[in-house]
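The primary structure of each chain is shown beneath.
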Protein chains: 2
Amino acid sequence: MNQKYEELMQHVEKMEALKAAIVLFNWDTETLAPPQATDLTARMVGSLSSQYFEETVSARMRELLGELKDAEDLTEAQAAVVRKLNKNLEDMEKIPPEEYREFSELQARSTSIWAKAKQQDDFESFAPVLKKIVDFSKRFAGYRRKEGQSLYDAMLDEYEEGFTKEMLDPFFALLKEQIVPLLKKVVPKNDAIDVSPLRQSYDTAKQEAFCRFLAGYVGFDFARGVLAESEHPFTTGLHNRDVRITSHYYENVLESAIFSVIHESGHAIYEMNVDDELTQTPVGGGASCGMHESQSRLMENMIGRSLAFWEPVYPKLREAFPEHLSGLSLADFIKMINKAEPGLIRTEADELTYCLHVMIRYEIEKDLIDGSLQVEDLPAVWNEKYEQYLGVKPENDKEGVLQDIHWSQGSIGYFPSYALGNAFAAQIYHVMEQEIDVDKILRSGDLTPITNWLKEKVHRFGEMRKTKQLLRDITGEDFNPRYYIDYLTKKFTEIYEL
Amino acid sequence: MNQKYEELMQHVEKMEALKAAIVLFNWDTETLAPPQATDLTARMVGSLSSQYFEETVSARMRELLGELKDAEDLTEAQAAVVRKLNKNLEDMEKIPPEEYREFSELQARSTSIWAKAKQQDDFESFAPVLKKIVDFSKRFAGYRRKEGQSLYDAMLDEYEEGFTKEMLDPFFALLKEQIVPLLKKVVPKNDAIDVSPLRQSYDTAKQEAFCRFLAGYVGFDFARGVLAESEHPFTTGLHNRDVRITSHYYENVLESAIFSVIHESGHAIYEMNVDDELTQTPVGGGASCGMHESQSRLMENMIGRSLAFWEPVYPKLREAFPEHLSGLSLADFIKMINKAEPGLIRTEADELTYCLHVMIRYEIEKDLIDGSLQVEDLPAVWNEKYEQYLGVKPENDKEGVLQDIHWSQGSIGYFPSYALGNAFAAQIYHVMEQEIDVDKILRSGDLTPITNWLKEKVHRFGEMRKTKQLLRDITGEDFNPRYYIDYLTKKFTEIYEL
């Protein structure tokens with residue numbers, strides 16, 4: 001092995017150990033830590049982050065990367081590690097340390113200011129912080145951007161490398177053109193779908209037992225993973241042999257935990273299937289936010305809400321809740337879990353309306369960054385767009401512009417990845433259906449051929465190959481939103497018998 | 001504040017963050033982590049340990065400590081921090097780095113070799129490793145020891161600063177002289193105590209609920225702590241606002257979890273009560289292993305096995321298990337939980353025989369280190385001593401010399417702390433009974449005056465004051481094993497009506 005690379009790996013090991021510690025602290029804080037631990041623990045996590053940062057930009061790291069940047073004797077994985085570390089270093093070097101520190105300090109405070117503002121429905125108290133965040137984000141994007149690149153494109157590039165407004169504009173235009181009218185046809189027929197059978201009292205311990213079965217059924221490996229409870233479901237991982245998901249069980253909303261567990265399992269299976277060569281390196285995670293989301297959505301929606309999937313599984317759900325479900329047919333159950341209904345909250349949105357929530361955020365972010373929209377005008381614009389696209393209007397900012405944490409964390413340009421993830425999923429699923437008999441596999445009750453296919457095509461590459469390349473390798477074409485539109489149109493036309 | 005000290009604190013913060021991460025990983029491994037995570041996680045914990053070690057002996061740390069060693073403007077807490085860091089550094093500097101590395105590598109393997117040997121009852125396979133451990137321990141103690149200090153005294157000093165063979169020999173001689181004969185009078189009367197009511201089937205979920213109540217009752221603060229399950233009960237902590245204990249619930253041994261939870265709560269309350277000024281510093285833990293053990297044993301035995309304690313609590317236990325306990329009187333319950341019966345396993349020993357298990361290990365360690373006993377002769381000597389002092393003989397090494405993990409971890413000189421802890425507890429308890437009306441407090445159902453007294457006298461000082469000093473401050477005299485002997489004699493004479 002290249003000797004310099006070997007030395008680089010010693011630094012990487014330190015960095016990965018620090019990163020894993022931070023991941024574990026965050027997991028622990030969300031799932032178990034005692035309430036009063038917060039402040040003292042935050043101090044330690046802050047120190048671990050600083051130590052991680054110091055490693056990233058250490059003088060020796062800089063030298064090694066300089067020497068390895070053009071090395072020709074590296075494997076594909078090794079080259080990807082060098083490229084990733086180099087990008088981090090370059091991005092970091094462009095930002096004046098003083099400004100970086102200031103922004104970090106702002107970020108350390110801003111989410112709790114947002115949380116309080118949301119709780120008290122008080123946008124005014126969050127606005128000045130958000131202004132500063134927008135300002136810092138623009139400045140940093142300015143430092144980072146390539147010649148001729150717009151600020152928002154530089155932001156998008158952080159989350160979805162190589163994706164630009166030029167690609168996203170037609171994507172969202174298509175959504176607006178096709179999905180908004182589709183939704184208008186769907187809504188009037190909703191009265192025929194009564195979900196009250198799923199609103200009975202379902203014992204949460206029994207829900208948990210069923211969800212544990214379900215996670216294993218879709219491919220979550222409990223020898224390499226943990227399922228726990230937290231306020232909001234999430235996935236996190238230390239390496240490919242320790243990936244963790246959470247769920248939250250609502251007594252009166254049976255399908256909530258079911259689909260959050262399938263969703264998080266989709267994320268987790270991705271992480272579990274990353275090659276041993278890549279795990280515990282800087283390219284040991286998923287290819288991008290969007291590609292990660294594609295794997296959770298594919299599992300949750302394309303697989304998990306299909307009739308074929310539930311044919312062998314629904315009897316087991318009935319077994320768990322015989323008194324509740326004996327009178328509910330599989331056909332009706334499928335309609336219920338696919339009911340599309342415009343709402344105010346993105347995280348509670350169904351498959352059809354979800355992308356419209358994202359579209360609204362995309363339009364707003366673009367305007368915010370190019371300066372045509374001011375922070376103080378956000379609530380009004382937000383509410384207007386919800387009325388226009390979804391036909392619902394928030395009664396307060398808590399259910400409106402204050403609902404998401406992202407901007408308070410400085411994540412501007414992240415939202416599009418959620419919609420892209422759905423679109424990637426549809427594009428990948430289209431190929432999967434041509435290469436293996438998905439329906440037959442689902443009916444068989446053994447999903448292994450599906451997870452194997454995903455492992456082979458997507459998971460094992462971790463972040464070694466970028467999303468754009470992966471999409472091309474798997475589907476033979478570049479990103480194409482058509483598959484997503486077609487998928488939604490076909491599915492909802494069938495379910496709603498339009 | 002002293003500027004150099006302030007800079008030192010920046011290094012301490014890094015070290016404390018790394019230490020906390022290691023603590024959290026260990027907690028997680030014992031309580032939650034998926035089975036296949038072990039190897040990759042161990043690699044990361046290894047890296048964090050190395051990073052911690054690097055900080056401990058960094059050039060800047062050395063300089064700062066040199067400058068601060070004799071500083072006169074430090075508070076008592078600050079001076080204790082400097083002293084502790086300095087001791088670590090000095091101890092470390094005396095050991096040749098190559099040997100340190102070799103021993104660390106040996107330690108990384110030795111516990112699993114021991115575990116396998118124990119499982120397969122195969123002392124032969126562990127003997128060569130143990131020989132190497134003894135050899136390294138002697139060499140390291142040789143590097144560390146002060147002039148004229150014996151090797152074993154240098155080892156004892158690691159765990160119980162200032163304690164020597166000269167102090168321990170009369171302590172254990174007294175135990176041998178007084179407790180061995182006492183036990184011989186107790187054993188024949190054991191037939192009268194039938195513990196079968198505690199061997200019924202007790203629902204483990206109900207046990208857990210009761211133990212959770214019990215932990216809170218003795219002072220464990222759930223706003224600052226967590227109670228979970230693991231194979232063997234233990235206590236660990238990140239700082240004084242996050243202290244964690246585990247228990248293990250056996251369906252047929254009601255008292256097992258009860259007393260392990262009280263025991264671990266005793267440890268935890270100590271950690272929770274350390275002053276804010278000391279937590280997250282190198283002197284943020286307990287004064288010594290023995291002092292820590294004194295707090296768990298005082299709570300478990302002096303408090304937790306007393307009649308006064310159970311007067312308000314036993315009705316609650318009966319409420320939890322009415323069918324099992326309605327026929328069992330409090331008086332009989334007290335006899336059962338204080339039954340003294342010689343056995344083979346230290347961790348399962350009762351209050352009376354426990355110190356004899358430790359005495360055997362003390363005698364063996366001394367001979368092993370001064371060379372009068374060879375590793376290959378250990379099993380025979382072990383079995384002989386068990387027969388002589390406890391009247392029982394191990395049928396195999398699994399239940400004999402292989403039962404404890406300590407030697408495989410390189411912890412030689414640690415065992416005496418267990419017996420010392422009990423003796424410290426008795427000495428401290430003696431003073432407590434003079435200063436507050438313990439019995440009345442226990443009967444009142446509110447233990448706060450007791451935990452407050454312990455906080456005031458012991459807990460708040462963390463490791464700032466050494467055990468020898470604390471004992472003197474609290475009791476007005478040096479370590480005096482007489483109180484322990486008197487306590488055991490009085491208690492068991494009463495219970496067994498001798």
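Owing to the predicted nature of the structure, the values given are computational and were not obtained by experimental measurement.

Cut-offs applied
- Residues numbered from 1 in each chain as written.
- Chains lettered and ligands numbered in written order.
- Predicted model: local features only at pLDDT ≥ 70, side-chain atom pairs only at ≥ 80, totals over all residues.
- Heavy atoms only, no water.
- Helix = DSSP H or I, 4+ residues; strand = E, 2+ residues; numbered from the N terminus.
- Rg over C-alpha atoms; globule rule 2.2 N^0.38 Å.
- Contact = heavy atoms within 4.5 Å.
- Lys, Arg positive; Asp, Glu negative; His and termini not counted.
- Charge placed at Lys NZ, Arg CZ, Asp CG, Glu CD.
- Buried area = accessible area lost by both parts, 1.4 Å probe.
- Salt bridge = Lys/Arg side-chain N within 4 Å of Asp/Glu carboxyl O.
- Polar contact = N/O pair within 3.5 Å; in protein donor to acceptor, adjacent residues only side chain to side chain.
- Core = buried A, V, L, I, M, F, W, Y, C linked by side-chain atoms within 4.5 Å.
- Buried < 20%, exposed > 50% of the residue type's maximum accessible area, 1.4 Å probe, protein only.
- Least-squares fit on C-alpha atoms with pLDDT ≥ 70 in both.
- Axes fitted to C-alpha atoms, helices over the stretch in contact; angles between N-to-C directions.
- Parallel < 35°, antiparallel > 145°, perpendicular 65-115°, else oblique.
- Nonpolar A, V, L, I, M, F, W, Y, C, P; charged D, E, K, R; others polar.
- Arc of directions from axis to C-beta.
- Expected span 1.5 Å × (residues − 1).
- Pairing = 2+ DSSP bridges.
- pLDDT = per-residue confidence, 0-100.
- Disulfide = S-S within 2.5 Å.
- Left-handed = near helix turned anticlockwise from the far one by under 90°.

## Comments concerning the overall build of chain A
Across its full length, chain A carries 21 helices and three strands. Relative to its length of 498 residues, chain A is compact, with a C-alpha radius of gyration of 23 Å against a globular reference of 23 Å. C-alpha atoms of chain A, sized along the principal axes, occupy 70 × 50 × 50 Å. Long-range pairs, those at least 24 residues apart, make up 73% of the contacts in chain A between residues at least 6 apart in sequence. Charged side chains of chain A number 57 positive and 85 negative; the gap between the two group centres comes to 1 Å.

## Some thoughts on the interface of chain B and chain A
Contacts between the two partners involve 38 residues from chain B, matched on the other side by 38 residues from chain A. Overall, the association of chain B and chain A removes approximately 3,300 Å² of surface from exposure, summing both partners, and the carbon and sulfur fraction of that is 61%. There are six salt bridges connecting chain B and chain A. Salt-bridge contacts for E13(B) lead to R43(A); the nearest nitrogen and oxygen are separated by 3.1 Å. Here chain B and chain A share 18 residue pairs in polar contact (both at pLDDT 80 or more) between them. If you list the elements that add at least two residues to the side of chain B that touches chain A, you get α1 (3-31), α2 (38-56), β1 (225-229), β2 (235-239) and β3 (242-247) of chain B. No other element matches the 11 residues that α1(B) contributes to the side of chain B that touches chain A.

## Examining unusual backbone geometry
You will see that D121(A), though not glycine, has its phi angle at about 50°, which is positive. Relative to the helices and strands, D121(A) resides in the loop between α5 (97-119) and α6 (123-144).

## Quick look at the nonpolar core
One finds L8(A), F309(A) and W310(A) to be the most contacted residues of the largest nonpolar core, which totals 155 residues. For F309(A), the contacting residues outside a window of four places in its chain are L214(A), Y217(A), V218(A), I262(A), I303(A), G304(A), L442(A) and L447(A). Counting 154 residues, the second largest nonpolar core, distinct from the first, contains F136(B), Y249(B), V283(B) and W453(B).

## Regarding the relation of the copies chain B and chain A
With an RMSD of 0.0 Å, the fit of chain B onto chain A corresponds to turning through 180° and sliding 0.0 Å along the axis. Such a combination of rotation and displacement between the chain copies is what one expects of a two-fold axis. Of every C-alpha in chain B, the one belonging to A21(B) sits nearest the axis of rotation, 2.9 Å from it. The overlap is high: 100% of the interface residues of chain B also sit at the interface in chain A, so the same surface is used on both sides.

## Quick word on the pattern of salt bridges
Residue and element names in this part refer to chain A. The full count for this structure, using the stated rule, is 92 salt bridges over all chains. Measuring nitrogen to oxygen at the nearest pair gives 2.7 Å for the salt bridge that ties D169 to K366. Here D169 is found in helix α8 (residues 165-186), whereas its partner K366 is found in helix α15 (residues 351-370), with 197 residues between them in sequence. Exposure remark for D169: the relative accessible area of 33% places this residue in the partly exposed category. A residue is classified by how much of its surface remains accessible, and K366, at 19% relative accessible area, is buried. Sharing partners across several salt bridges, the network here consists of K84, E161, E463 and K466.

## Concerning the packing of helix α7 (residues 151-159) of chain A against α15(A)
Residues and elements named next belong to chain A. Packing of α7 against α15 leaves a shortest axis separation of 9 Å and a crossing angle of 130°. In terms of axis orientation, α7 runs oblique to α15. Here L151, Y152 and M155 of α7 lie close against α15, whose contacting residues are Y362, E365, K366 and I369. Among the residues forming the contact of α7 with α15, the class breakdown is five nonpolar, no polar and two charged.

## Some details on helix α20 (residues 467-475) of chain B
Residue and element names in this part refer to chain B. Looking only at α20, the buried set comprises T467, L470, L471, I474 and T475. Angularly, the buried residues of α20 cover 100° about the axis, an arc narrow enough to put them on a single face. Of the surrounding elements, those touching the buried residues of α20 are α11 (289-303), α17 (416-435) and α19 (448-457). Just past α20, the residue G476 takes up positive phi, approximately 75°.

## Structural notes on helix α4 (residues 76-94) of chain B
With 19 residues, α4(B) extends 27 Å between its outermost C-alpha atoms, agreeing within 8% with the 27 Å of an ideal straight helix rising 1.5 Å per residue. Those residues of α4(B) not exposed but buried are A77(B), Q78(B), A80(B), V81(B), V82(B), L85(B), N86(B), L89(B) and D91(B).

## A look at the sheet that holds strand β2 (residues 235-239) of chain A
Working definition: the strands of a sheet are paired by backbone hydrogen bonds and lie parallel or antiparallel to each other. Residue and element names in this part refer to chain A. Taken together, three strands build an open sheet; the order of strands is β1-β3-β2 and the sheet is mixed. Only two strands of the sheet have a single neighbouring strand rather than two, namely β1 (225-229) and β2. The sheet shows a mean angle of 20° between the axes of neighbouring strands, direction not considered. Direction of pairing for β1 relative to strand β3 (residues 242-247): parallel, over a ladder of five bridges.

## Looking at the confidence of the model for chain A
Summing up the model confidence of chain A, the mean pLDDT is 96 and the portion of residues at 70 or higher is 100%. Taken over the whole predicted complex, pTM reads 0.94, whereas the ipTM for its chain interfaces reads 0.93.

## A closer look at the environment of R443(B)
All names here are of chain B. Here R443 is to be found in helix α18 (residues 438-444). Of the residues examined, R443 reaches a relative accessible area of 40% and is grouped as partly exposed. On a C-alpha basis, the gap between R443 and K165 in space is 41 Å, while along the polypeptide they are 278 residues apart. Not counting chain neighbours up to four residues away, the residues in contact with R443 comprise A308, E311 and P312.

## What to know about the sheet that holds β2(B)
All names here are of chain B. Strand order in the open sheet formed by three strands is β1-β3-β2, with mixed pairing between adjacent strands. Each having just a single partner strand, β1 and β2 make up the two edges of the open sheet. For this sheet, the mean inter-axis angle between neighbouring strands, taken without regard to orientation, is 20°. Note: β2 against β3, four bridges, orientation antiparallel. Paired with T235 across the bridge in β3 is I245. The sheet contacts of α1 involve β1, β2 and β3, and relative to β2 the element is tilted by about 145°.

## Section: the state of the cysteines
Residue and element names in this part refer to chain B. Enumeration according to the criterion identifies zero disulfides over all chains in this entry. The thiol of C289 is not disulfide-bonded; the next cysteine sulfur, from C355, is found 18 Å away. Its relative accessible area of 24% is what places C289 among the partly exposed residues.

## Side note on the packing of helix α10 (residues 254-272) of chain A against helix α12 (residues 307-320) of chain A
Residue and element names in this part refer to chain A. Interaxial distance between α10 and α12 falls to 15 Å at its minimum, and their mutual angle equals 130°. Classified by the interaxial angle, the pair formed by α10 and α12 is oblique. As for how α10 packs across α12, the hand of that crossing is right-handed. Residue-level inspection shows L254, I258, F259 and I262 of α10 in contact with α12, the latter providing F309, W310 and L317.

## What to know about the side chain of R244(B)
Tracing the chain through its elements places R244(B) in strand β3. Note on R244(B): relative accessible area 1%, which makes it buried. Looking at R244(B), its side chain comes within polar contact range of the side chain of D242(B), at 2.7 Å. Not counting residues within four places of it along the chain, the set of residues in contact with R244(B) comprises D28(A), L32(A), A33(A), P34(A), L24(B), W27(B), V226(B), F234(B), T235(B), T236(B) and L238(B).

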